[in-house]
Amino acid sequence: MDREELGRQAWEMRAALLRLAMSILKRPQDAEDAVSDAIVRAFVRLDTLRNDAAVRAWLMKITVHCCYERARRSRRESLHEDVEPLCQPVWPREEGALLEQITALPDGEREALLLYYYEGFCVKDVAQVLGLPRPAASMRLSRGRRRLREMLQKEGRDCL
């Protein structure tokens with residue numbers, strides 16, 4: 001894959017990358033910075049992409065790593081200064097009660113559900129992006145579905 005093709009694919013995936021980053025970082029400015037870092041890192045490390053067909057999962061995995069690096073850096077910095085309160089996430093294009101419920105799930109479950117249902121990744125790819133064994137990814141999806149179902153039932157909503 002050449003740089004031009006990577007740029008085109010990254011542009012097409014920007015909403016998905018931002019949605020994933022928001023699920024981890026919660027603050028729009030941090031999520032945008034992490035996505036920018038991930039795209040730059042992808043260009044720098046383009047030679048490590050082994051399979052052009054796996055570029056989506058590869059970019060998602062880089063984004064996850066950049067998000068966790070940014071979160072660690074923010075935690076270290078926050079020990080020495082007052083931190084502004086977290087604002088509500090602003091989700092690109094996607095709005096609605098279901099997505100808001102998903103954002104209330106614990107980190108691992110939220111990320112797995114977003115990758116599986118919103119990005120269309122299979123369990124194997126979810127596991128790869130999150131750096132987990134496949135059974136662990138399946139378990140996160142299962143727990144996330146169960147918690148989401150319970151949350152919706154408490155609100156009196158019908159769910160499958």
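Note that this is a predicted model, so its numbers are computed, not measured.

**Examining the overall build of the protein chain**
Check the secondary structure of the protein chain and you find eight helices and zero strands. The burial tally for the protein chain puts 40% of its 160 residues in the buried class. Within the protein chain, counting contacts between residues at least 6 apart in sequence, those at least 24 apart form 68% of the total. Summing over all exposed atoms, the protein chain offers an accessible surface of approximately 9,600 Å²; the carbon and sulfur share of this is 49%.

**Let's talk about the nonpolar core**
L6, W58, L59, M60, L115, V126 and V129 are the most contacted members of the largest nonpolar core, which totals 45 residues. When residues of this core are traced back to their parent elements, those giving at least two are α1 (3-12), α2 (14-25), α3 (28-44), α4 (55-78), α5 (97-103), α6 (107-118), α7 (123-130) and α8 (134-154). With ten residues, α4 is the single largest residue contributor to this core. Among all residues touching W58, those that are not within four sequence positions of it are L6, A42, R45, L46, T48 and L49.

**Focus on the side chain of R110**
Mapped onto the elements, R110 comes out in helix α6. Other than its neighbours up to four places away in sequence, R110 contacts S23, I24, K26, I102, T103 and L105.

**With respect to the confidence of the model for the protein chain**
A low pLDDT score tells you not to read the predicted coordinates there in detail. Mean pLDDT over the protein chain works out to 82, with 83% of the residues at or above the 70 mark. Residue range residues 79-95 is modelled with pLDDT below 50. Its contacts to residues more than four positions away, or to other chains, number 24 contacts.

**Here we look at the pattern of salt bridges**
Going through the model one piece at a time under the given rule, you end up with twelve salt bridges. As a salt-bridge pair, R70 and D37 come within 2.7 Å of each other at their nearest N and O atoms. Of this pair, R70 sits in helix α4 while D37 sits in helix α3, placing them 33 residues apart in sequence. Under the relative-accessibility criterion, R70 is labelled buried at 14%. Here the salt bridges share partners, and the residues they tie into one network are E5, R8 and E12.

**Regarding the packing of aromatic side chains**
This structure, assessed with the given rule, holds one aromatic pair. Geometry around Y116 places R145 over its ring, the cationic atom sitting 5.4 Å from the centre.

**So, the packing of α7 against α8**
Contact geometry for α7 and α8: axes closest at 8 Å, N-to-C directions at 105 degrees. By the angle class used here, α7 and α8 are roughly perpendicular. Contacts between α7 and α8 involve V123, K124, V126, A127 and L130 on the former and, on the latter, R134, A137, S138, R140 and L141. Considering only residue class, the contact of α7 with α8 consists of six nonpolar, one polar and three charged.

**Concerning the environment of R50**
By the element assignment, R50 lies in the loop between α3 and α4. The exposure class of R50 is exposed, given its relative accessible area of 84%. Distance in space between the C-alpha atoms of R50 and M1 is 9.5 Å, their sequence separation being 49 residues.

Reading the values: rules and limits
- Residues numbered from 1 in each chain as written.
- Predicted model: local features only at pLDDT ≥ 70, side-chain atom pairs only at ≥ 80, totals over all residues.
- Heavy atoms only, no water.
- Helix = DSSP H or I, 4+ residues; strand = E, 2+ residues; numbered from the N terminus.
- Buried < 20%, exposed > 50% of the residue type's maximum accessible area, 1.4 Å probe, protein only.
- Contact = heavy atoms within 4.5 Å.
- Areas by Shrake-Rupley, 256 points an atom, 1.4 Å probe, with all protein chains shown as cover.
- Core = buried A, V, L, I, M, F, W, Y, C linked by side-chain atoms within 4.5 Å.
- pLDDT = per-residue confidence, 0-100.
- Salt bridge = Lys/Arg side-chain N within 4 Å of Asp/Glu carboxyl O.
- Phe/Tyr/Trp six-rings, centres within 6.5 Å; stacked < 30°, edge-to-face > 60°.
- Lys NZ or Arg CZ within 6 Å of the ring centre and 35° of its normal.
- Axes fitted to C-alpha atoms, helices over the stretch in contact; angles between N-to-C directions.
- Parallel < 35°, antiparallel > 145°, perpendicular 65-115°, else oblique.
- Nonpolar A, V, L, I, M, F, W, Y, C, P; charged D, E, K, R; others polar.

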